[in-house]
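Summary of structural features
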Amino acid sequence: MAKKTTRSATTSVSSDADAPLTVPGLDASTGHRVADALQMRVHALNDLALTLKHAHWNVVGPHFIGVHEMLDPQIDGVREMIDVLAERMSTLGVPPNGLPGALVAARTWDDYDLTRADTAAHLAALDLVYTGVIEDHRAAIEAVGDDPVTEDIVIGQTADLEQFQWFVRAHLQGVTGELATTGASGEVEAAEKVSRRSRKR
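Below: a short report on this structure.

The helix and strand tally for the protein stands at 6 helices and 2 strands. Order of helices (α) and strands (β) in the protein, N terminus to C terminus: α-β-α-α-β-α-α-α. When the 201 residues of the protein are sorted by exposure, 41% land in the buried category. In the protein, of all internal contacts separated by at least 6 residues, the share reaching a separation of at least 24 is 75%. As displayed, the protein has an accessible area near 11600 Å², and 54% of this comes from carbon and sulfur atoms.

Close contact between helix 2 (residues 64–91) and helix 4 (residues 119–143) brings their axes to 12 Å; oriented N to C, the two are set at 20°. The angle between the axes of helix 2 and helix 4 places the two elements in the roughly parallel class. Two packed elements cross with a definite hand, and for helix 2 against helix 4 that hand is left-handed. Listed contacts from helix 4 to Phe64, Val67, Met70, Leu71, Gln74 and Leu85 of helix 2 are Thr119, Leu123, Leu126, Tyr130 and His137. Looking at the contact of helix 2 with helix 4 residue by residue, the classes come out as 8 nonpolar, 3 polar and no charged.

Turning next to the packing of aromatic side chains. Under the definition given, this model contains 1 aromatic pair. With a centroid separation of 5.4 Å and an interplanar angle of 40°, the aromatic rings of tryptophan 166 and phenylalanine 167 are classed as tilted. Taking the relative accessible area as the measure of exposure, tryptophan 166 reaches 52% and is therefore exposed. We classify phenylalanine 167 as partly exposed; its relative accessible area is 32%.

Further remarks concern the pattern of salt bridges. Tallying each qualifying case throughout the model produces 7 salt bridges. Linking aspartate 111 and arginine 107 is a salt bridge whose minimum nitrogen-to-oxygen distance equals 2.8 Å. With relative accessibility at 49%, the residue aspartate 111 sits in the partly exposed group. Glutamate 162 serves as the salt-bridge partner of arginine 138, at 2.9 Å between the closest nitrogen and oxygen. Taken together, the residues span a long stretch of sequence, with arginine 138 in helix 4 and glutamate 162 in helix 5 (residues 148–169) at a distance of 24 residues.

The rules behind the values
Each residue is numbered by its place in its chain's sequence as written, counting from 1. Note on the predicted model: pLDDT of at least 70 is required for a residue's local features to be given, and 80 or more for side-chain atom pairs to be given and counted; whole-chain, interface and lining totals, by contrast, use all residues. Only heavy atoms go into the side-chain values, all of them from the structure, while hydrogens and water stay out. Secondary structure counts use DSSP, requiring at least four H or I residues in a row for a helix and at least two E residues in a row for a strand, with both numbered from the N terminus. Partly exposed describes any residue whose relative accessible area lies between the buried limit of under 20% and the exposed limit of over 50%, with all areas from a 1.4 Å probe on protein chains only and scaled to the type maximum. The criterion used for residue contact is that any of the two residues' heavy atoms lie within 4.5 Å. Exposure was quantified through the Shrake-Rupley algorithm and a 1.4 Å probe, taking into account, for residues, occlusion by the shown protein chains and nothing else. In this description, a line fitted to the C-alpha atoms serves as the axis of each element, helices being fitted only across the stretch in contact, and the angle between N-to-C directions of two axes falls anywhere from 0 to 180 degrees. The scheme is simple: roughly parallel for angles under 35 degrees, roughly antiparallel for over 145, roughly perpendicular for 65 to 115, oblique for anything else. The crossing is said to be left-handed when, going from far helix to near helix, the turn is anticlockwise and less than a right angle, and right-handed when the turn is clockwise. Gly counts as polar in this scheme, as do all residues outside two lists: the nonpolar Ala, Val, Leu, Ile, Met, Phe, Trp, Tyr, Cys and Pro, and the charged Asp, Glu, Lys and Arg. Two aromatic rings, drawn from Phe, Tyr or Trp (for Trp, its six-membered ring), form a pair once their centres lie within 6.5 Å of each other, and the interplanar angle then sorts them: stacked below 30 degrees, edge-to-face above 60, tilted otherwise. By salt bridge we mean one thing: a side-chain nitrogen of Lys or Arg within 4 Å of a carboxyl oxygen of Asp or Glu.

The following block contains the structure:
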């Protein structure tokens, strides 16, 4: 890695004569607006992939192997989503920013709250993480609606994210369908609610 400085990544140099480009069928301003809407989704998914990997490393307890192995395909799936969105941004004429400093500067959420914890606690916290990502992905569907191709990509990713959350929630539901994390306002509270339920059994 390069020595840390105060500089930041810059866009490539172009002449004033260069017209902004996007895909055929969209005007440049629309294409760039759609692409710009994807940047926060790239940040959110990069954060999600790192968070899932962190949980994968730090989960412990009697159900360790099941949860540990469940998370890796989700991580791979999220990483693929990042690549698809970043390449779509480039296709639309906007350079994607995948740098960690840009993510931290732009994000509107805090770091994941758990380190080493049992499987139920991590799954409870991850359920809330998924809820936030999915809600914002659903909002992005409307934001990119002027481009049906991009809209279709975001819709498909939302469906995959919802399935990943379903896998997580299946560990947190009772037989009647109630969710152990209902009403939790944060990851720590969700983890504590699940832990209390486990101790009562």
